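Structural characterization, general
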Amino acid sequence: MADSLDLTYGDATQSLAVTDGTIRAADLKKIQTPDGPLATYDPGLLNTASVRSAITYIDGDAGILEYRGYPIEQLAEKSTFLEVAYLLMHGELPNKTELENWNYQINRHRLVHENVKQIIQAFRYDAHPMAKLMAAVASMMTFYPSARRVEDPDARMRNVHRLLGKMPTMAAFAFRHGLGRHYIYPNDELGYAENFLAMLFQAQQPKYVADPRLVRALEVLFILHADHEQNCSTNAVRAVASAGNDVYTSCGAGIGALFGPLHGGANEAVLKMLREIGSLDRVPEFIEGVKNGKARLMGFGHRVYKNYDPRATIIKKAVDDVFAVRGMNPLLHIAVELERIALDNEYFTSRRLYTNVDFYSGVIYEALRFPPEMFTVLFAVPRTAGWVAQYEEHMGDTEQKITRPKQIYTGYAKRDYVPVDER
Ligand SMILES: CC(C)(COP(=O)(O)OP(=O)(O)OC[C@H]1O[C@@H](n2cnc3c(N)ncnc32)[C@H](O)[C@@H]1OP(=O)(O)O)[C@@H](O)C(=O)NCCC(=O)NCCS
């Protein structure tokens, strides 16, 4: 629905078209101010739409998350991660042949060039796996120069297959490098998540067999993390892509953004918090501390979701499966008690603070035997499906231009250079 907004500044009134609840920021330039054409100032882009996207829909107030119109609850229950990746990329669920072909294209690209191993091996033993993953992904453009032909849709898609196929391999190598273990190559007999678990955890046994409940729990976690519209890392991917970059360089930037504790690192913080609380009897005291501003209840609250985070509800179901296999973790008791008290407490309800996706994902990852520094890597692997879909959408969007925000200059007015011995 198109509408208009009359904006008066000084003596002049301009009528600005309102489309989809937005005005075009460029239309504001019609209005002259003493400082130049009118613009918006929006640090963090909190109220600025930078793309038109048909991939992911979120309604934070209603707790709705949909990929291409399909509710996350249905996808998490019925779909597989690779099927969801297809959906994100192509806009429709695949038929049987399309799915088989997609799975084949991705799985046949799981091996990495041997030099990628050396790139990972060149890191110190204690290097963070996200740094190793970022370097490995960025390096891939040099192994597959066709990725630089960004105007060629076939070349783009081939490199999307490669990246989706190789992400788990590079993530597993980064993990095993930290443990000083030999790297495990992909196994063609295993599906995406199961093969990932094998590459991570296989020891001396000739064949790694993962409990199907753990495989499914990981698939569900992957589906939940696959996309989340224009978050910080997706915005980074699109911004780098806007300069004409290939999918590897763009997703390398996405990994960098995701590495930040404000973005991908919250579940690690939840685990730290649970350890600090230590026992059930200390939960009420911790909650009091949160209410008095001494601490934050990590895994609670969300910038977008103000009623509940639909992903948190789904994750809770996965928790039961993982703990049925791995045995109860005492930290889970603390988490459940924290959630029970907080959801019934005026401080949290009045601020619309509810459990978010990170509250239980860290506990699950720990039960799956991952060290905390791997948690963000476990986010990056599935989020790649979202990044490549958003990258592809960006490449087909004729309205897009190189990302280049404005600034409000606050520095000195022009002044003359002073030689060093006169300063
Ligand atoms: C996610 C988060 C950054 C969203 O922040 P936001 O939308 O900017 O909300 P604000 O920081 O403005 O918080 C609004 C109010 O709720 C309080 N609040 C928000 N999250 C809180 C939390 N987790 N624990 C305690 N209080 C919290 C703030 O102190 C503020 O209270 P005030 O109005 O009395 O000052 C924030 O909720 C948070 O830090 N959560 C914990 C970290 C986390 O789990 N992150 C993962 C998100 S997926």
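For clarity, every value in this text was computed on a predicted model and none was experimentally measured. (Residues numbered from 1 in each chain as written. Predicted model: local features only at pLDDT ≥ 70, side-chain atom pairs only at ≥ 80, totals over all residues. Heavy atoms only, no water.)

Here we come to the overall build of the protein. What the protein contains, in helices and strands, is 17 helices and 8 strands. The globule rule puts the C-alpha radius of gyration for 423 residues at 22 Å, and the 24 Å found for the protein is close to it. Taken along its principal axes, the extent of the C-alpha atoms in the protein is 80 × 65 × 55 Å. Put simply, the protein has 423 residues, and 48% of those count as buried. Within the protein, counting contacts between residues at least 6 apart in sequence, those at least 24 apart form 70% of the total. Once the 47 positive and 51 negative side-chain charges of the protein are each reduced to a mean point, those two points are 5 Å apart. (Helix = DSSP H or I, 4+ residues; strand = E, 2+ residues; numbered from the N terminus. Rg over C-alpha atoms; globule rule 2.2 N^0.38 Å. Buried < 20%, exposed > 50% of the residue type's maximum accessible area, 1.4 Å probe, protein only. Contact = heavy atoms within 4.5 Å. Lys, Arg positive; Asp, Glu negative; His and termini not counted. Charge placed at Lys NZ, Arg CZ, Asp CG, Glu CD.)

Turning next to the sheet that holds strand S7 (residues 64-67). Strand order in the open sheet formed by 3 strands is S6-S7-S8, with antiparallel pairing between adjacent strands. This sheet does not close on itself; its edge strands, each paired only once, are strand S6 (56-59) and strand S8 (70-71). As judged from the 2 bridges shared by S7 and S8, these two strands associate in the antiparallel manner. Each bridged residue has a counterpart across the sheet, and for Glu 66 the counterpart in S8 is Pro 71. (Pairing = 2+ DSSP bridges.)

Let us look at the packing of helix H12 (residues 283-291) against helix H14 (residues 330-343). Viewed as axis vectors pointing N to C, H12 and H14 meet at an angle of 50 degrees, and their least axial separation amounts to 10 Å. Classified by the angle between their axes, H12 and H14 sit oblique to one another. Crossing hand, H12 versus H14: right-handed. Residues Val 283, Phe 286 and Ile 287 of H12 form the contact with H14, whose own contacting residues are Ile 334, Glu 337, Leu 338, Ile 341 and Ala 342. For the contact of H12 with H14, the class distribution of residues is 7 nonpolar, no polar and 1 charged. (Axes fitted to C-alpha atoms, helices over the stretch in contact; angles between N-to-C directions. Parallel < 35°, antiparallel > 145°, perpendicular 65-115°, else oblique. Left-handed = near helix turned anticlockwise from the far one by under 90°. Nonpolar A, V, L, I, M, F, W, Y, C, P; charged D, E, K, R; others polar.)

Between helix H5 (residues 129-143) and helix H10 (residues 247-259), the least distance of the axes is 7 Å, while the angle of their chain directions is 165 degrees. On the basis of their axis angle, the class for H5 and H10 is roughly antiparallel. Every pair of crossing elements has a handedness; the one defined by H5 and H10 is left-handed. Along its contact with H5, which presents Met 130, Leu 133, Met 134, Val 137, Ala 138, Met 140 and Met 141, the element H10 presents Tyr 248, Thr 249, Cys 251, Gly 252, Ile 255, Gly 256, Leu 258 and Phe 259. Taken together, the residues of the contact of H5 with H10 break down into 12 nonpolar, 3 polar and no charged.

With that settled, consider the pattern of salt bridges. Scanning the entire structure with this criterion turns up 18 salt bridges. Taking the shortest distance from any N to any O, the salt bridge between Glu 392 and Arg 156 comes out at 2.9 Å. Of the two residues, Glu 392 sits in helix H17 (residues 375-395) while Arg 156 sits in helix H6 (residues 153-179), which places them 236 residues apart along the sequence. Judged by relative accessible area, which is 12%, Arg 156 ranks as buried. Notably, a salt bridge pairs Arg 311 with Asp 309, separated by 3.0 Å at the nearest N-O pair. By relative accessible area, Asp 309 is classed as buried at 1%. (Salt bridge = Lys/Arg side-chain N within 4 Å of Asp/Glu carboxyl O.)

Quick reminder: α-helices carry 3.6 residues per turn. Residues three or four places apart thus point the same way. Relative to the 18 Å expected for 13 residues at 1.5 Å per residue, helix H8 (residues 212-224) spans 18 Å between its end C-alpha atoms, a close match to the ideal helical length. Within H8, 10 of the 13 residues are buried, which leaves it mostly tucked inside the rest of the structure. Three or more residues of H8 are buried, namely Leu 214, Val 215, Ala 217, Leu 218, Glu 219, Val 220, Leu 221, Phe 222, Ile 223 and Leu 224. Two or three places before Arg 213, at the start of H8, stands the capping residue Asp 211, its side-chain oxygen 2.8 Å from that residue's backbone nitrogen. (Expected span 1.5 Å × (residues − 1). Polar contact = N/O pair within 3.5 Å; in protein donor to acceptor, adjacent residues only side chain to side chain.)

Let us look at the packing of aromatic side chains. Scanning the entire structure with this criterion turns up 16 aromatic pairs. Ring centres 5.3 Å apart and planes at 35 degrees place the aromatic pair Phe 81 and Tyr 192 in the tilted group. Of the two residues, Phe 81 sits in helix H2 (residues 81-90) while Tyr 192 sits in helix H7 (residues 192-201), which places them 111 residues apart along the sequence. Taking the relative accessible area as the measure of exposure, Phe 81 reaches 1% and is therefore buried. (Phe/Tyr/Trp six-rings, centres within 6.5 Å; stacked < 30°, edge-to-face > 60°.)

The next subject is the pairing of S6. Each regular strand carries side chains that alternate between the two faces of the sheet. Because side chains alternate across S6, one face comprises the buried residues Thr 56 and Ile 58, and the other comprises Tyr 57 and Asp 59, none of which is buried. Note that S6 and S7 share 4 bridges and pair antiparallel. By the bridge assignment for S7, Thr 56 is matched with Tyr 67. Where S6 hands over to S7, the hairpin turn is made up of 4 residues, of which Gly 63 adopts a positive phi near 70 degrees.

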